[in-house]
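Summary of the model geometry
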Amino acid sequence: MSTAKASPQAHRVLVVDDDPDILELLEYNLQKEGYDVRTAPDGRKALEIGRVFLPELVLLDIMMPHVDGIEAGRQLRAMPELRQTYILYLTARSEEYSEVAAFEVGADDYITKPIKPRALMSRINALFRREAQKADTGDVIQIADLSISRQNYSVNQGDQTIILPKKEFELLFHLAQTPNKVFSRDELLQKIWGADIYVLERTVDVHIRKLREKIGEGYIRTLKGVGYMFEVN
């Protein structure tokens, strides 16, 4: 685990991999970019550190001893304090089912090894820049019984408050901003994940399904072969 000093304003990043060379490489490059970095050699240690360190970003391998990356990601995402944390998978597994499993547990990105440090740093910097641009805490959308607040990435539905992970919230907010407009999967991928991040179109379907499980089936409509829209009668 790294104990290097960083600015109190630095973004907190947790790197999890069972390869010590990769941990050292990523720790060095992240610290050079000004991030506050901790490292863990497996998923079990990552969960211990995550509870205390409260990272804003987790770089997570999949194939690890004790607790693998998919299960570690699921448990990290389940911690209330880490629901807004970005989770990026860095893995040698390139099969589609591994990528889908990663997004099922709430991944924000999926990057196959070998790692290119400069490209990865550029991607991470862009991610935090986009986050800063979305920091207008006054944004609230009120539609029917839903109040969608960017301030705390929450949805109030009647007397129930639903806290959503970042990508699920951004997807819902974007659809609800323009009700009854159909967005293709490609448009949603570009807007929510960004042009510099490659993810499968199926990722949108996974996030839509998770949203429906939380807010109900009656809000987001599927237009077969076209895309999705937030429907308001």
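Residues numbered from 1 in each chain as written. Predicted model: local features only at pLDDT ≥ 70, side-chain atom pairs only at ≥ 80, totals over all residues. Heavy atoms only, no water.

An unreviewed UniProt entry annotates the protein as Phosphate regulon transcriptional regulatory protein PhoB originating from Fibrella rubiginis. In its Function (unreviewed entry) section, the UniProt entry covering the protein states "This protein is a positive regulator for the phosphate regulon. Transcription of this operon is positively regulated by PhoB and PhoR when phosphate is limited." (UniProt positions renumbered as here; feature names shortened; annotations may be inferred.)

**Concerning the pattern of salt bridges**
For the structure on display, the rule yields 16 salt bridges. Residue Arg12 pairs with Glu56 through a salt bridge whose shortest N-O separation is 3.7 Å. Of the two residues, Arg12 sits in strand 1 (residues 12-16) while Glu56 sits in the loop between helix 2 (43-53) and strand 3 (57-60), which places them 44 residues apart along the sequence. Residue class for Arg12 comes out partly exposed when judged on its relative accessible area of 30%. Overall, Glu56 belongs to the partly exposed group, its relative accessible area being 24%. Where salt bridges share partners, they join Arg77, Asp108, Lys167 and Glu170 into one cluster. (Salt bridge = Lys/Arg side-chain N within 4 Å of Asp/Glu carboxyl O. Helix = DSSP H or I, 4+ residues; strand = E, 2+ residues; numbered from the N terminus. Buried < 20%, exposed > 50% of the residue type's maximum accessible area, 1.4 Å probe, protein only.)

**Quick word on the sheet that holds strand 4 (residues 86-91)**
Read across the sheet, five strands follow the order 2-1-3-4-5 without closing on themselves; strand pairing throughout is parallel. Edge strands, defined here as strands with exactly one partner in the open sheet, are strand 2 (36-40) and strand 5 (109-112). Strand after strand, the sheet turns through a mean of 20 degrees between neighbouring axes, direction not considered. Relative to strand 5, strand 4 runs parallel, the two sharing four bridges. The residue bridging Thr91 from the neighbouring strand is Thr112, located in strand 5. (Pairing = 2+ DSSP bridges. Axes fitted to C-alpha atoms, helices over the stretch in contact; angles between N-to-C directions.)

**Brief notes about the sheet that holds strand 6 (residues 140-143)**
Ordered by their spatial adjacency, four strands build an open sheet running 6-7-8-9, and the pairing between neighbours is antiparallel. One side of each edge strand has no neighbouring strand; the edge strands of this open sheet are strand 6 and strand 9 (160-163). This sheet shows a mean twist of 15 degrees between the axes of neighbouring strands, independent of strand direction. Sheet topology note: the strand 8 (residues 154-157)/strand 9 ladder contains four bridges and is antiparallel. The residue bridging Gln157 from the neighbouring strand is Gln160, located in strand 9. Contacts from helix 6 (residues 166-177) reach strand 6, strand 7 (146-149) and strand 8, with the element oriented near 120 degrees to strand 7. Packed onto the sheet, helix 8 (residues 202-215) meets strand 7, strand 8 and strand 9 and runs at close to 40 degrees relative to strand 8. (Contact = heavy atoms within 4.5 Å.)

**Points about the packing of aromatic side chains**
Under the counting rule described, the total for this entry stands at five aromatic pairs. Between Tyr35 and Phe128 the ring centres are 5.7 Å apart and the planes differ by 35 degrees, which places this aromatic pair in the tilted class. Of this pair, Tyr35 sits in the loop between helix 1 (20-32) and strand 2 while Phe128 sits in helix 5 (residues 117-133), and the two are 93 residues apart along the sequence. Its relative accessible area of 7% is what places Tyr35 among the buried residues. One aromatic cluster is present, formed by Tyr35, Tyr86 and Phe128 through successive ring pairs. When the ring centre of Phe173 is taken as origin, the NZ or CZ atom of Arg150, which lies over that ring, is 4.1 Å away. (Phe/Tyr/Trp six-rings, centres within 6.5 Å; stacked < 30°, edge-to-face > 60°. Lys NZ or Arg CZ within 6 Å of the ring centre and 35° of its normal.)

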